[in-house]
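Understanding the architecture of this molecule
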Amino acid sequence: MPAIAIIGAQWGDEGKGKIVDLLAEKVNMVVRFSGGSNAGHTVVNPCGEFRMHLIPSGIFHREVTCIIGNGVVIDPAVLLEEIEELKGHDVAVDRLFVSDRAHLIMPYHLLLDGLEEEARGSGALGTTRRGIGPAYMDKAGRLGIRTGDLLEKGAFLERLRLVLDQKNRILTRVYEAQPLVLEEVYEKYCHYGELLAPFIRETDLMVQEALERKEKVLLEGAQGTLLDVDFGTYPYVTSTSTMAGGACSGLGLSPMKLDGIIGVFKVYTTRVGSGPMPTELLDETGELIREHAHERGATTGRPRRCGWFDAVVGRFSARTNGFSSIALTRLDILGVLPSLKICTAYRLEGKTLINPPSSVAMLARCEPLYEELPGWQTDISPIRRFKDLPREARNYVKRLEELLDCPASIISVGERREQTIMVSEPL
Ligand code: IMP
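What comes next concerns the included structure. (Residues numbered from 1 in each chain as written. Predicted model: local features only at pLDDT ≥ 70, side-chain atom pairs only at ≥ 80, totals over all residues. Heavy atoms only, no water.)

Some thoughts on the overall build of the protein chain
What counts is decided by this rule: Helix and strand labels come from DSSP, where a helix needs a run of H or I of at least four residues and a strand needs a run of E of at least two; each type is numbered from the N terminus. For the radius of gyration, the atom set is restricted to C-alpha positions; the globular benchmark scales as 2.2 Å times the number of residues to the power 0.38. The cut-offs for exposure are 20% and 50% of the maximum accessible area for each residue type, with area from a 1.4 Å probe on protein chains only; residues under the lower value are buried, those over the upper are exposed, and the others partly exposed. Residue contacts follow a heavy-atom distance rule, with two residues in contact if any of their heavy atoms lie within 4.5 Å. The protein chains shown are the only cover counted for residues, whose accessible areas, like all others here, come from Shrake-Rupley with a 1.4 Å probe. The charged-residue count follows a simple rule in which Lys and Arg add positive charge and Asp and Glu add negative charge, with His and chain termini not counted at all. Where a charge lies is defined by one atom per residue type, namely NZ (Lys), CZ (Arg), CG (Asp) and CD (Glu).
The helix and strand tally for the protein chain stands at twelve helices and 20 strands. In terms of overall size, the protein chain behaves like a compact globule, its C-alpha atoms giving a radius of gyration of 22 Å where 427 residues would be expected to give roughly 22 Å. Taken over 427 residues, the protein chain has a buried fraction of 59%. Considering only contacts in the protein chain between residues 6 or more positions apart, those separated by 24 or more positions represent 75%. Of the roughly 17600 Å² of accessible surface on the protein chain, 51% is carried by carbon and sulfur atoms. For the protein chain, the centre of its 50 positive side-chain charges and the centre of its 58 negative side-chain charges are spaced 3 Å apart.

A word on the packing of helix α3 (residues 107-120) against helix α4 (residues 132-140)
Where we set the bar: Lines fitted to C-alpha atoms define the axes, with helix axes restricted to the stretch in contact, and inter-axis angles between N-to-C directions lie between 0 and 180 degrees. For any pair of crossing helices, the crossing counts as left-handed if the nearer helix is rotated counterclockwise from the farther one by less than a right angle, and right-handed if it is rotated clockwise. Polar here means any residue outside two lists: the nonpolar Ala, Val, Leu, Ile, Met, Phe, Trp, Tyr, Cys and Pro, and the charged Asp, Glu, Lys and Arg; Gly therefore counts as polar.
Relative to each other, α3 and α4 sit at 115°, their axes nearing to 7 Å. For the pair α3 and α4, the sense of crossing is right-handed. Facing Y108, H109, L112, D113 and E116 of α3, the residues of α4 in contact are I132, P134, A135, M137 and D138. Within the contact of α3 with α4, the residues separate by chemical class into six nonpolar, one polar and three charged.

A look at the sheet that holds strand β20 (residues 420-422)
Defined as follows: By definition, two strands form a pair when at least two bridges between them are found by DSSP.
The ten strands are arranged β9-β7-β5-β2-β10-β1-β11-β15-β19-β20 in an open sheet whose pairing can be described as mixed. Each end of this open sheet is capped by a strand with a single partner; those strands are β9 (200-201) and β20. Relative to strand β19 (residues 408-412), strand β15 (residues 325-329) runs parallel, the two sharing three bridges. Bridged to A327 within β19 is I410. The strands touched by helix α1 (residues 16-24) are β1 (3-8), β2 (29-32), β10 (217-220), β11 (260-266), β15, β19 and β20; relative to β1, the strand with the most contacts, the crossing angle is about 160°.

Considering the side chain of T128
Relative to the helices and strands, T128 is located in the loop between α3 and α4. Not counting the four nearest positions on each side in its chain, T128 is found in contact with N38, T300 and R302.

Comments concerning the site of the ligand
Under the convention used in this document: Put simply, a residue is near a molecule or strand once any heavy atom of it comes within 4 Å of that molecule or strand. In protein, a polar contact means a hydrogen-donor-capable atom and an acceptor-capable atom, both N or O and within 3.5 Å, with residues adjacent in sequence counting only if both atoms are side-chain atoms; elsewhere, any N or O pair within 3.5 Å suffices.
Near the ligand lie 15 residues; those nearest to it are D13, N38, T128, T238 and R302. Interatomic distance of 3.3 Å between a backbone N/O atom of G126 and an oxygen atom of the ligand. A distance of 2.5 Å separates an oxygen atom of the ligand from a polar atom in the side chain of T128. Relative to its free-state accessible area of 470 Å², the ligand is covered by the protein chains to the extent of 96%.

Next comes the structure, spelled out in structure tokens:
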């Protein structure tokens, strides 16, 4: 199975970083295809504990080539900082490559993300303020600047002059903010360009050639399906395609080349930022999960909203992505609870829904219908075989498989690599 995508199946933060880190030792290449430094993967391994925003988790494996594809938007300051941090821990970065077609986060994107959020007032989306939305707007609006542009200084200056003129008019006239100085931005980004030049490549070609050589390529998703710009809880979404389909356009890969899609689900639900979340727990059970699992955003440090597993959005996610198997994470966390609930349907104005409505106004009015399962109330983190799990934990997993209509290939019972139950071989 040469090309396998790892996709967040909920609202992000499902634990994709650990799953990629785990599988990376069996592959030749790990590639990021969407999002930017709004993503935050926490990886704990023998090299240390790392919070990565842009660089694929595969970087910790000496033989693995890591690629940041064209679908990613790159803040060069963040990327260079991550490169330095890895070097500081003796992690080699000579196998890291960045697409020449990836768009850059520019200083005005960072400013506008904050200003636009403030202008939304009580309707704020709760963005990570990493400039993601404004950068993708410019990509679609054909005002973007790409990594490859930094390598052509003369053309870059002309492009920046044109774009900055427009951006400064928005900054000063719409938001009454200070304009940016062309020369300063130009010099800063030329410097970034020099530092990044050794990493910039035609990565689409590199991925295609790796597959022609029958190498194994892992496609690392960012965020989650419910944050997808088309199928997420719009407008409370990120600005890119986070789903399996986005992997192809975000890398320059034919859909015919995708051999498997693993959906990563946390066994309960979390969300950061605004927008409806039908199973959110605003009581002490939600607080217990949050504290026990240290549920805080890896990028912003914001407390994550916690709730029961929502099989309605889960099924939608499994179907729309076409998962070939699922990875279930944080099963150990549920060991603190005496009984567990799973939302199997919604009730809305007297009707039972098994598919989430596209309208967030309707979704916010949906009442979750739960079934209750007994908890196992023991520490399962030392367990490595499915059959050794307490019966209640096995039943919980089986019920999720049934509701999502997809088999579990991996179950994570702790944050470390070895705290994993491999149910079947996903690669
Ligand atoms: P943006 O991607 O920064 O524009 O934020 C849009 C929405 O996506 C906000 O609700 C963010 O909290 C959410 N979001 C973006 N990246 C992540 C992530 O990696 N995990 C969880 N939520 C995210």
